[in-house]
Amino acid sequence: MASNEWINGYLEAILDADESSRRSRTTSLMNGKLKFDEDGKKVEKLFSPTTYFVQEVVNSFDESDLHRTWLKVIATRNTRERSNRLENMCWRIWHLTRKKKQIAWDDAQRLAKRRLERAQGRDDAADDLSELSEGEKEKGDATNAESLRDRFPLINSDTQIWKADDNSSRLYIVLISIHGLVRGENMELGRDSDTGGQVKYVVELARALANTKGVHRVDLVTRQITSPEVDFSYAEPIEMLCCPSDGGTSSGAYIIRLPCGPRDKYISKESLWPHIPEFVDGALGHIVNMARALGEEDGGKPMWPHVIHGHYADAGEVAAHLSGALNVPMVLTGHSLGRNKFEQLLKQGRLSREDINSTYRIMRRIEAEEFGLDAADMVVTSTRQEIEEQWGLYDGFDVRLERKLRVRKRRGVSCLGRYMPRMVVIPPGMDFSYVKVQDSLEGESDLKSLIGIDRTQSKKQIPPMWSEIMRFLTNPHKPMILALSRPDPKKNVTTLLKAFGESRPLRELANLTLILGNRDGIDEVSSSNSAVLTTVIKLIDKYDLYGQVAYPKHHKQSEVPEIYRLAAKTKGVFINPALVEPFGLTLIEAAAYGLPVVATKNGGPVDILKALNNGLLVDPHDQKAIADALLKLVAEKNLWFDCRKNGLKNIHRFSWPEHCRNYLTHVEHHRNRRPTTTHLEIKPTLEEPMSDSLRDVEDLSLKFSIDGDFKLKGDIDVAIKQKELIEVLTKMTSDNGNHSTCYCPGRRQRLFVIATDCYNSNGDCCTKTLAAIINNVMEVAALDSGRGSGRVGFLLLTGLSLQEIMDALRCCQVDLESFDAVVCNSGSQVFYPWMHLVADVDYEAHVEYRWPGENVRLMISRLARMESGAEDDIFENVGGSSSRCYSYNVKLGAKTQRVDYLRQKTRMRGFRCNLVYTLAGSRLNVIPLFASRTQALRYLSMRWGIDLSKMVVFVGERGDTDYEDLLGGLHKTVILRDTVEHGCEKLLRSEDSYRREDVIPIDNPNIAFLEGGSEAQDILMAIEAHRIK
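A. How the structure looks around the overall build of the protein. In terms of helices and strands, the protein carries 33 helices and 26 strands. Here the protein, with 1029 residues, has 56% of them falling under the buried criterion. Contacts spanning at least 24 positions in sequence make up 73% of the contacts within the protein whose residues lie at least 6 apart. A total accessible area of about 46200 Å² is found for the protein, and carbon and sulfur atoms account for 50% of it.

B. Looking closely at the sheet that holds strand S4 (residues 252–258). Taken together, the eight strands give an open sheet; going across it, the order is S3-S4-S2-S1-S5-S6-S7-S8, and neighbouring strands pair in mixed fashion. Of all the strands in the sheet, the pair left with one neighbour each is strand S3 (238–242) and strand S8 (422–425). When the angles between neighbouring strand axes are averaged without regard to direction, this sheet yields 25°. Bridge analysis of strand S6 (residues 330–333) against strand S7 (residues 378–381) gives three bridges, and the strand direction is parallel. Note that in S7 the partner of leucine 332 across the bridge is valine 379. Here helix H6 (residues 197–210) sits on the sheet in contact with strand S1 (171–176), strand S2 (215–223), S3, S4 and strand S5 (307–311), set at roughly 160° to S2.

C. Molecular detail of the nonpolar core. Of all hydrophobic cores here, the largest spans 102 residues; its most connected members are Ile176, Phe279, Ile308, Leu322, Leu326, Trp391 and Tyr832. The biggest single contributor to this core is helix H7 (residues 276–298), with ten residues. Apart from residues no more than four positions distant in its own chain, tryptophan 391 is found in contact with Leu332, Gly334, Leu337, Leu373, Val379, Thr381, Glu386, Phe397 and Met423. Of all hydrophobic cores here, the second largest spans 71 residues; its members include Met465, Leu484, Val493 and Ala627.

D. Representation of the packing of aromatic side chains in the model. Taken as a whole, this structure holds twelve aromatic pairs when the rule is applied. Ring geometry for tyrosine 832 versus tryptophan 944: centroids 6.3 Å apart, planes at 50°, classification tilted. Pair noted here: tyrosine 832 is in strand S18 (residues 829–832) and tryptophan 944 is in helix H32 (residues 933–944), with a separation of 112 residues, a long-range link. Both residues of the pair, tyrosine 832 and tryptophan 944, belong to the buried class. Among the aromatic residues, ring-to-ring pairing joins Tyr564, Phe574 and Tyr593 into one connected group.

E. Local environment of the packing of helix H9 (residues 338–348) against helix H10 (residues 353–360). Here H9 crosses H10 at 135°, and the two axes come no closer than 10 Å. Taken as axis vectors, H9 and H10 run oblique relative to one another. The way H9 lies across H10 gives a crossing that is right-handed. Mapping the contact onto sequence places Lys341, Phe342, Leu345 and Leu346 in H9 and Arg353, Ile356 and Tyr360 in H10. Residues of the contact of H9 with H10, tallied by class, amount to five nonpolar, no polar and two charged.

F. Quick look at the sheet that holds strand S26 (residues 1007–1011). What the eight strands build is an open sheet, ordered S19-S18-S17-S16-S15-S24-S25-S26; its pairing is mixed. This sheet does not close on itself; its edge strands, each paired only once, are strand S19 (838–839) and S26. Pairing of strand S16 (residues 792–797) with strand S17 (residues 821–824) involves three bridges; the strand directions are parallel. In the sheet register, leucine 797 faces S17, and the bridge partner there is valine 823. Packing against the sheet, H32 makes contact with strand S15 (750–754), S16, S17, S18 and strand S24 (951–955), and its axis sits at approximately 155° to S16. Along the sheet, helix H33 (residues 1016–1025) contacts S15, S24 and S26; its crossing angle with S26, the most-contacted strand, is approximately 165°.

G. Focus on the side chain of threonine 918. Following the sequence through the fold, threonine 918 ends up in strand S22 (residues 913–918). A distance of 2.8 Å separates a polar atom in the side chain of threonine 918 from a polar atom in the side chain of aspartate 960.

H. Here's a closer look at the pattern of salt bridges. This model, assessed by the stated rule, comprises 51 salt bridges. Between aspartate 873 and lysine 891 there is a salt bridge; the shortest N-O distance is 3.5 Å. Taken as a pair, aspartate 873 in the loop between helix H30 (857–864) and strand S20 (874–876) and lysine 891 in the loop between strand S21 (886–890) and helix H31 (899–908) lie far apart in primary sequence, 18 residues in all. What emerges from the salt-bridge pattern is a single network uniting Glu367, Asp374, Arg903, Arg907 and Arg912.

I. Inspection of the environment of glycine 763 at higher detail. Turning to its location among the elements, glycine 763 is positioned in the loop between S15 and helix H27 (767–783). Through-space distance from the C-alpha of glycine 763 to that of glycine 921 is 7.2 Å; in sequence the pair is 158 residues apart. The contact partners of glycine 763, leaving out residues within four places of it in the chain, are Leu919, Ala920 and Ser922.

J. Broad picture of the side chain of serine 251. Its place among the elements puts serine 251 in the loop between S3 and S4. A residue is classified by how much of its surface remains accessible, and serine 251, at 2% relative accessible area, is buried. When neighbours within four sequence positions are excluded, serine 251 is seen to be in contact with His216, Cys242, Cys243 and Pro244.

K. Expanded view of the pairing of S2. The element S2 is largely enclosed, with a buried count of nine among its nine residues. Alignment of S1 against S2, held across six bridges, turns out to be parallel. Its bridge partner being in S2, isoleucine 176 is matched across the sheet by valine 221. Pairing of S2 with S4, which is carried by seven bridges, proceeds in the parallel orientation. Counterpart to leucine 220 in the pairing with S4 is isoleucine 255.

L. Here's a closer look at helix H11 (residues 362–375). Taking 1.5 Å of rise per residue, 14 residues should cover 20 Å, and H11 covers 20 Å from first to last C-alpha, within 8% of that figure. Burial analysis of H11 places 14 of its 14 residues in the buried class, which makes it a mostly covered element.

Reading guide: rules and limits
- Numbers given to residues run from 1 along each chain, matching the order in which its sequence is written.
- Given that this is a predicted model, residues contribute local features only at a pLDDT of at least 70 and side-chain atom pairs are listed and counted only at 80 or more, while totals for whole chains, interfaces and linings are drawn from all residues.
- Processing note: side-chain calculations cover all non-hydrogen atoms of the structure and skip hydrogens and water entirely.
- In this text, helices come from DSSP runs of H or I with a minimum length of four residues, and strands from runs of E with a minimum of two, each type numbered from the N-terminal end.
- For the exposure calls, accessible area comes from a 1.4 Å probe over protein chains only, and a residue counts as buried if that area is under 20% of its type's maximum, exposed if over 50%, partly exposed in between.
- Here, two residues are considered to be in contact whenever any of their heavy atoms come within 4.5 Å of each other.
- Every accessible area reported is derived by Shrake-Rupley at a probe size of 1.4 Å, with residue values counting cover from the shown protein chains alone.
- Note: two strands are recorded as paired if DSSP finds a minimum of 2 bridges between them.
- To get an axis, fit a line to the C-alpha atoms, keeping to the stretch in contact for a helix; angles then go from 0 to 180 degrees between the N-to-C directions.
- Buried Ala, Val, Leu, Ile, Met, Phe, Trp, Tyr and Cys residues that are joined via side-chain atoms within 4.5 Å together make up what is termed a nonpolar core.
- Centres within 6.5 Å make a pair out of two Phe, Tyr or Trp rings, where for Trp the six-membered ring is used; the pair is then stacked when the planes are under 30 degrees apart, edge-to-face when over 60, and tilted otherwise.
- Any angle that is under 35 degrees is reported as roughly parallel, and any over 145 degrees as roughly antiparallel; angles of 65 to 115 degrees are reported as roughly perpendicular and all others as oblique.
- What makes a crossing left-handed is the near helix being turned counterclockwise from the far one by less than a right angle; a clockwise turn instead makes it right-handed.
- Put simply, Ala, Val, Leu, Ile, Met, Phe, Trp, Tyr, Cys and Pro go in the nonpolar bin, Asp, Glu, Lys and Arg in the charged bin, and everything else, Gly too, in the polar bin.
- In protein, a polar contact means a hydrogen-donor-capable atom and an acceptor-capable atom, both N or O and within 3.5 Å, with residues adjacent in sequence counting only if both atoms are side-chain atoms; elsewhere, any N or O pair within 3.5 Å suffices.
- For salt bridges, the criterion is a side-chain nitrogen of Lys or Arg within 4 Å of an Asp or Glu carboxyl oxygen.
- To estimate how far a helix should reach, multiply one less than its number of residues by 1.5 Å.

Written out as structure tokens, the structure reads:
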């Protein structure tokens, strides 16, 4: 019955809080003191006592207790209003608890189903991989001409540590970290949840890499913020972090800030998702320009990045797109992971799946992390626990399958198109420059050298933070047990305090210092932090620990080293008792000052203490074990000195130079595993406009005037000259076998891109609508004569095969050669009509990485078919397939699985590919991971030297399942209403996934809407409004 008394107390508190709240609102309304935001919406208080007590009841008591309380309230019912409200409230909370229990059950069932599906996917992969014996060598894969031994050289267990010899090339490294406030000096760590340890980590990593021999330049790319809410320094486009004395003018580390999203607002990372494509395009432009500039310094070809490294989910998605566009290795560091957070929030039961998704955009974040796994060559983690218990939750990674694939690669055995990213443990580096020499040499001295017996008479000037701590302590000379963390329940500070309070020998021997963030008042912090701080005060009073426990309210980041020094001077111990600690950076900081440590056995501290050998691990739930470990380290002097000595001796393993050596070693190893392909031959931007007459010779002469040896002389007939140019072009292509020299149609200033997916319900192309759109768009170029004809190029993006689009254009009476390029099969192939429809083999080589080829061919039809579907619901379309696209027809009226479901299933089986429904859902195209219509635009932008902002993409109101990708980025988009009858949006993702507004900004200034029947003049005005020049 004790639990019912607690319930009664909480219910009474709810009624009191509710009445107080109502009186407060009434008073505020009468006095006109209600606050409103800029949109006129009422600003609510962050803390609600009613919400707090309701959550306590729902989360702390069984529904049977609530039911008994309700029956008791009914039995004692009277006519008073408060009694009626109590009865109603009790029933509602009881109902809420039952609903919560049902939600928890549904979530548990959903998680169990997902684990079962993952197990099935792994079993399928294992069965396929077991078809070949471990000793059987690759004889010839249908999708690869070279042997796997050539593509994946054997790797020795004793990998050579990376060293930069005198002849090594200068490295250009790109780091990406989008959210938060990023600057080199006076970092505002803790200002908000987005500006924390990750900001400090990436800035210090950039500096450390730039100071590593062999690294020429490091760019840390982040978001530019011009908001008046933050300091003006965050609006500076470039900030130098360091410049080595022996480097050139462009060497060193730099913060590069790019516009992304609202220009005048500082927005949270959860609101950045729709603006990711804009950041990708901006970063791509910067990297291409920088590669060209660095190459010109050496007098050679562009210096492409050695690696692109994304930090957190948002930057991981950016890095994945850039890696695919530039064909350079990608590294991913998660820092914190969405699936792990999602499961923890579900277990807490305070928020529903819908609330979690809307608050944290968690499903969008998880998909970005999955895509990062698809594209990453290497994933950097801090601990093994992060690999097994966090990344192991993802569809795209499985520890056992990754090991099996790694073994097969080493033996030269086919992996049957499957891929798993390599996880490597590289602990974060630390800057030990602020650690004074005397910290490691004079730690044996005590406070007598600094303060006398009378603390009011200091022999030496002591740091202010020492005085702030010592004012709490009756005897500050006693060894200090130091804990430094946020007042978060997960940090488990209350268990530490109980262990200290209940251990008399420990209390007699040592003091306890708790550095629990900064606060002005307990009521002003969040409810969870407030609960921890309140419990700390109560426990100090309960165990009568006054004079033995210090808990200062404020400290600066710059004063943290002084706190460690004070603990070391007293021969104290540092403790991290967190329930789970992903890494444990404070343990390394403590070791740098000669402090032995006691740490939780759950998470990263296991690896840290194994490397440092400077302390003890404990069960964070065991109070006695915590007290015994602390007492052992403090009381046994020899053990204390041994731990101190070991920590100082091994701390170099966590230094930045050591981190960079390990990092570059692993990067070089994974670069060797990546197939070698020719990088893009990018075109320099011309300052002077080209002659309009170049269009008369199909712009081929321009290509030769720049790249070839042939030059125009005298007055020669244009038709003859054009014919000669084509003959020379053909000869050069056949002689050299190098198609890259002839993939540019001439200098275009702008590109008009037609990507309207005009299909009827049967999946047939609506040729009449398509013809009208093409004619109108081409007429716009003719009307815009002030800029010169021939300076506007035309692209066609489609999910159809080449033969199908040729047939459609023939029905439209549109000349195929009017287009500079035709991108077919949802972005898997690029053809050039002005070159007799030659396919861009460089593009095909560019996107083939990780293409599973024939290995995925038979599996797709089985995965896409519904469980109750017929065998012929989906079948391969051989005529529409190619070496980079497997096409499947869907029977009219048949139902198939959504794209997000198919991605999940293919990832579970180790396949990395892109899946697109087209032709109004009547066809499924399976293409390489890095192939898409959007990536084709980026490829041609670099190939032809046309800025993405100079492209105009014409689409309908709906389209294929890759339609959303065409709406974001720096290019301009014109949406032609009523031009597309049927789209494929219902086949993209399920209802409980993320929403379109998480992909496309609602108020995107680069999107214009026009009616489908708009004339060319209307389209021209829309383009003018977008300021395309």
